[in-house]
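Report on the structure
This is what each chain is made of:
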Amino acid sequence: TNGKDNGVISPQYDYFSPLSDRFIRLWKDDQLFLYAVDMHRVLTRGEYDQFYTLSDQYIMTKRNRLLGLMDHAGKIILRPHYNEIQLFGKDKFRVNFQGKWGLVNANDQMVLPFQYDYIAPLKGPVSVVILNRKLGVVNQEGELIISPDYERIVPENRRIKAYKGEEISVTY
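Everything quoted here is computed from the prediction, not taken from an experiment. (Residues numbered from 1 in each chain as written. Predicted model: local features only at pLDDT ≥ 70, side-chain atom pairs only at ≥ 80, totals over all residues. Heavy atoms only, no water.)

Summed over all chains, the structure comprises eight aromatic pairs. Taken together, a centroid distance of 6.1 Å and an interplanar angle of 70° make the contact between Tyr 82 and Phe 97 edge-to-face. Of the two residues, Tyr 82 is situated in strand 8 (residues 76–82) and Phe 97 in strand 10 (residues 92–97); the sequence distance between them amounts to 15 residues. In this structure Tyr 82 comes out as buried when scored by relative accessible area, which is 2%. Residue Phe 97 is classed as partly exposed on the basis of its relative accessible area, which comes to 26%. Pairing Phe 97 with Phe 114 gives two aromatic rings, centres 5.4 Å apart and planes at 50°, and the pair type is tilted. One end of the pair, Phe 97, is in strand 10; the other, Phe 114, is in strand 12 (residues 110–116), with 17 residues separating them in the sequence. The structure contains a cluster of three or more aromatic residues connected by ring pairs, namely Tyr 82, Phe 97 and Phe 114. Between the NZ or CZ atom of Arg 152 and the centre of the ring of Tyr 163, over which it lies, the distance is 4.0 Å. (Phe/Tyr/Trp six-rings, centres within 6.5 Å; stacked < 30°, edge-to-face > 60°. Helix = DSSP H or I, 4+ residues; strand = E, 2+ residues; numbered from the N terminus. Buried < 20%, exposed > 50% of the residue type's maximum accessible area, 1.4 Å probe, protein only. Lys NZ or Arg CZ within 6 Å of the ring centre and 35° of its normal.)

Next comes the structure, spelled out in structure tokens:
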């Protein structure tokens, strides 16, 4: 800004690119910065390789091919050490860390261990997890409610049926 808080970016940057209507990517000497239009300030110091919009609350950061998250005020939510990040309910994220999926919260604390081959997006209040080609279910809090021991999971009208072979083994 120019010190008068009117949103003018000083001409010290080599070029720019809009990220969204709220953020602008700025480059200077091969370093990338993120400028918040509504706050009239640069949020980062050139420590990231790229930025992506994840949601209306979060911006994905990339450094050395690894992903992290910051909120729209520039606060670091997840350190950049994940291979993939996706939203999972309120203030939780499905993340891939070194080839395994788990869940973390907005304080970068593990909610569900990084042991799963995949964690599906939430479908209502539950999500299917896959471990060694077997299926299980976690709830939106990240709690394992059906162990990954089943061949097929069928959600039906607020119930979940878990099958081993043709037998219904668990109804939740």
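What follows continues from the structure just given.
Looking now at the layout of surface pockets. Empty space within the largest pocket amounts to approximately 200 Å³. Residue lining of the largest pocket: twelve residues in total, with Pro 125, Val 126, Arg 158, Arg 159 and Ile 160 positioned closest to the centre. When residues of the lining of the largest pocket are traced back to their parent elements, those giving at least two are strand 17 (152–156) and strand 18 (159–164). For the lining of the largest pocket, a count of residues per class yields six nonpolar, two polar and four charged. (1 Å grid on protein atoms, 1.4 Å probe; cavity = no way out; pocket = protein on both sides within 12 Å on 5 of 7 lines; lining within 4 Å. Points joined across faces, edges and corners; volume = space filled by probe spheres on them. Nonpolar A, V, L, I, M, F, W, Y, C, P; charged D, E, K, R; others polar.)

Relative to the helices and strands, Lys 134 resides in strand 15 (residues 134–139). On the basis of relative accessibility, which here comes to 31%, the residue Lys 134 falls in the partly exposed class. Excluding residues that lie within four positions of it along the chain, Lys 134 makes contacts with Val 129, Pro 148, Asp 149, Tyr 150 and Glu 151. (Contact = heavy atoms within 4.5 Å.)

On to the side chain of Thr 44, then. Mapped onto the secondary structure, Thr 44 falls in the loop between strand 4 (41–42) and strand 5 (50–53). Taking relative accessible area as the criterion, Thr 44 reaches 4% and is therefore assigned buried. Discounting chain neighbours no more than four positions away, the residues touching Thr 44 are Leu 32, Phe 33, Leu 34, Phe 51 and Met 70.

Let us now look at the side chain of Lys 92. Positionally, Lys 92 belongs in strand 10. A polar side-chain atom of Lys 92 sits 3.4 Å from a polar atom in the side chain of Glu 141. If we ignore the near neighbours within four places in the chain, the residues touching Lys 92 are Gln 86, Leu 87, Val 104, Asn 105, Val 111, Gln 140 and Glu 141. (Polar contact = N/O pair within 3.5 Å; in protein donor to acceptor, adjacent residues only side chain to side chain.)

Okay, the pattern of salt bridges next. If the charged atoms of two oppositely charged side chains come close together, the side chains can form a pair. Applying the stated criterion across every chain, the model contains five salt bridges. The salt bridge partner of Lys 100 is Asp 117, with a shortest N-O separation of 2.7 Å. Here the residue Lys 100 occupies a position in strand 11 (residues 100–105), and Asp 117 occupies one in the loop between strand 12 and strand 13 (118–119), the gap between them amounting to 17 residues. According to the relative accessible area criterion, Lys 100 is partly exposed, its value standing at 30%. (Salt bridge = Lys/Arg side-chain N within 4 Å of Asp/Glu carboxyl O.)

Strand order in the open sheet formed by four strands is 1-2-3-4, and the pairing between neighbours is antiparallel. Every other strand in the sheet has two partners, leaving strand 1 (15–18) and strand 4 as the edge strands with one partner each. By the bridge criterion, two bridges tie strand 3 (residues 31–36) to strand 4 in an arrangement that is antiparallel. Bridging across to strand 4, Ala 36 finds its partner in Arg 41. (Pairing = 2+ DSSP bridges.)

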